[in-house]
Amino acid sequence: TCPCALALATPAAFAAAGSRLAELHLLVTNGDAVESISRATHVVFDKTGTLTRGEPVIVETRVLADGEEPERLVQLAAALESASTHPLARAFHSVETPYRATDVETYVSEGLAGTIDGRRFRIGSASFLGGIAATGNGDRPAVYFGDDTGVLAEFILDDAPRNDAAATLAELRKLGLSLSLMSGDREPAVARLATELDIEDYAAACTPQDKLDGLAARQRSGEVVIMVGDGINDAPVLAGADASIAPAHAALLAQTSADIIMPGIHLQPIVTAIELSRKTLRIVRQNLAWAILYNTLALPAAVAGFVPPWLAAIGMSASSLIVVLNALRLSRAGAQPRASAA
């Protein structure tokens, strides 16, 4: 008999898969991720920094208080946002400012508060600034800036979709996966991107708990869910998903909550991870089937005296070798890594 083939069937395949995923610039941090991804039926995406490039720009500054200058308000906001790792904060990181913020406090999924020249300022969502109504273009992200006297400015931002976002989503649909979008941004901005990328199922103005509740509802209905996100507010839902993927530029908390880290600027590796995971499970089933078939046929023949010792030794070694060679097929699976993804 050959118990070695049975023992090698699964670990050999998973070891080959992990090695191949690393070659394809996908860092697996959870050994169970491959099996979970192979069974996935649904993928949930975050918006900003995940489906979009995460390189927002300020397209309009609307002054909401008398006596304030747009340039000064942008510089004050930039000083406060310099302490933020939120994707939208990157719109301010290139702004040169003479100001410096101290005593900065972060409010998850809301915004920042800090002191500049002895004056306390806030920047973040409309609700964080007191529930002010949006005054700019409703289908674009907006950031609000103010102090203890009220809201001083509304910054209208723009963040384009990733170059391969539409193509990647189309490939995921071909693999039989359903897709949805959950974002903390306002409904018009989320609806605009969802329409552009042909995502019918989307939710806007989501808190971390809203995302977690939406995920749990899908899991209770029997779906196996992959979550793809990059923000601090995505950490709970990344940890709660059946499998999760975070880009390398994601917040540290999001990366530590994810099962796979995806370096580079492309979304295509998500498709590669799913295809390779599914092939890995097929290889495991093939290996187990072969090991069981070999033992089922060899044992009766040996008991009947038809198998001499030398043939038994060859058969046992060959059975284990076949399992290992079949697993090594995974080392050639998947697309070649993109030069720009490194």
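Heads up: the structure comes first, above all this text.
Below or above, wherever it landed, is the structure these notes cover.

About the cut-offs
Residues numbered from 1 in each chain as written. Predicted model: local features only at pLDDT ≥ 70, side-chain atom pairs only at ≥ 80, totals over all residues. Heavy atoms only, no water. Patch = residues over 30% accessible without salt bridge, like charges linked within 9 Å, V, L, I, M, F, W, Y side chains within 5 Å. Areas by Shrake-Rupley, 256 points an atom, 1.4 Å probe, with all protein chains shown as cover. Salt bridge = Lys/Arg side-chain N within 4 Å of Asp/Glu carboxyl O. Helix = DSSP H or I, 4+ residues; strand = E, 2+ residues; numbered from the N terminus. Buried < 20%, exposed > 50% of the residue type's maximum accessible area, 1.4 Å probe, protein only. Pairing = 2+ DSSP bridges. Axes fitted to C-alpha atoms, helices over the stretch in contact; angles between N-to-C directions. Parallel < 35°, antiparallel > 145°, perpendicular 65-115°, else oblique. Left-handed = near helix turned anticlockwise from the far one by under 90°. Contact = heavy atoms within 4.5 Å. Nonpolar A, V, L, I, M, F, W, Y, C, P; charged D, E, K, R; others polar. Core = buried A, V, L, I, M, F, W, Y, C linked by side-chain atoms within 4.5 Å. Expected span 1.5 Å × (residues − 1). Arc of directions from axis to C-beta.

What follows covers a nonpolar patch on the surface. A cluster of nonpolar side chains, Val 108, Ile 232 and Leu 253, forms an exposed patch at the surface whose accessible area comes to about 240 Å². By secondary structure assignment, the location of Ile 232 is in the loop between strand 11 (225-228) and helix 9 (235-240). Judged by its relative accessible area of 34%, Ile 232 falls in the partly exposed class.

So, about the sheet that holds strand 6 (residues 119-124). Read across the sheet, six strands follow the order 3-8-7-6-5-4 without closing on themselves; strand pairing throughout is antiparallel. The outermost strands of the open sheet, each flanked by one partner alone, are strand 3 (57-63) and strand 4 (102-107). Within the sheet, the average angular offset between the axes of one strand and its neighbour, ignoring direction, is 20°.

A word on the packing of helix 6 (residues 165-174) against helix 11 (residues 268-303). For the pair helix 6 and helix 11, the least separation of the axes is 8 Å and the interaxial angle reads 20°. Taken together, the axes of helix 6 and helix 11 lie roughly parallel to each other. Judged by the sense of rotation from one axis to the other, the crossing of helix 6 with helix 11 is left-handed. Note on element contacts: helix 11 touches helix 6 through Gln 268, Ile 270, Val 271 and Ile 274, opposite Thr 168, Glu 171 and Leu 172. For the contact of helix 6 with helix 11, a count of residues per class yields four nonpolar, two polar and one charged.

In terms of backbone geometry, most residues other than glycine have negative phi values and most peptide bonds are trans. Of note, Asp 117 is a non-glycine position whose phi angle comes to about 55°, a positive value. Tracing the backbone through its elements, the reader meets Asp 117 in the loop between strand 5 (111-116) and strand 6. The backbone of Ala 205 shows a phi angle near 55°, a positive value even though the residue is not glycine. Summarising the element assignment, Ala 205 is placed in the loop between strand 10 (202-203) and helix 8 (208-220).

Below, the discussion takes up the sheet that holds strand 1 (residues 27-28). The seven strands are arranged 1-13-12-11-2-9-10 in an open sheet whose pairing can be described as mixed. Bordering the open sheet on either side are strand 1 and strand 10, each of which pairs with just one other strand. In the packing of helix 11 onto the sheet, contacts are made with strand 2 (42-45), strand 11, strand 12 (243-247) and strand 13 (260-262), and the angle to strand 13 comes to roughly 145°.

What follows concerns the nonpolar core. One finds Phe 45, Leu 51, Leu 169, Leu 172, Ile 226 and Ile 270 to be the most contacted residues of the largest nonpolar core, which totals 43 residues. Looking at this core, the element that brings in the most residues is helix 11, giving eight residues. Excluding residues that lie within four positions of it along the chain, Leu 51 makes contacts with Phe 45, Asp 46, Pro 161, Arg 162, Ala 165, Leu 169, Leu 181, Leu 193, Leu 197, Ile 199 and Leu 267. Judged by nonpolar contacts, the second largest core, of 21 residues, contains Leu 73, Val 74, Ala 79 and Ile 116.

Between its first and last C-alpha, helix 8 extends 18 Å over 13 residues, near the 18 Å set by a 1.5 Å rise per residue. Of all the positions in helix 8, only Pro 208, Lys 211, Leu 215 and Arg 218 are classed as buried. Axial view of helix 8: buried residues confined to an arc of 95°, hence all on one face. In this fold, the buried residues of helix 8 make contact with strand 2, strand 9 (178-182), strand 11 and helix 9.

For the rest of this paragraph, the subject is the environment of Gly 111. Locating Gly 111 in the fold gives a position in strand 5. In sequence terms Gly 111 and Arg 122 are 11 residues apart; their C-alpha atoms lie 7.3 Å from each other. When neighbours within four sequence positions are excluded, Gly 111 is seen to be in contact with Glu 105, Thr 106, Ile 123, Gly 124 and Phe 128.

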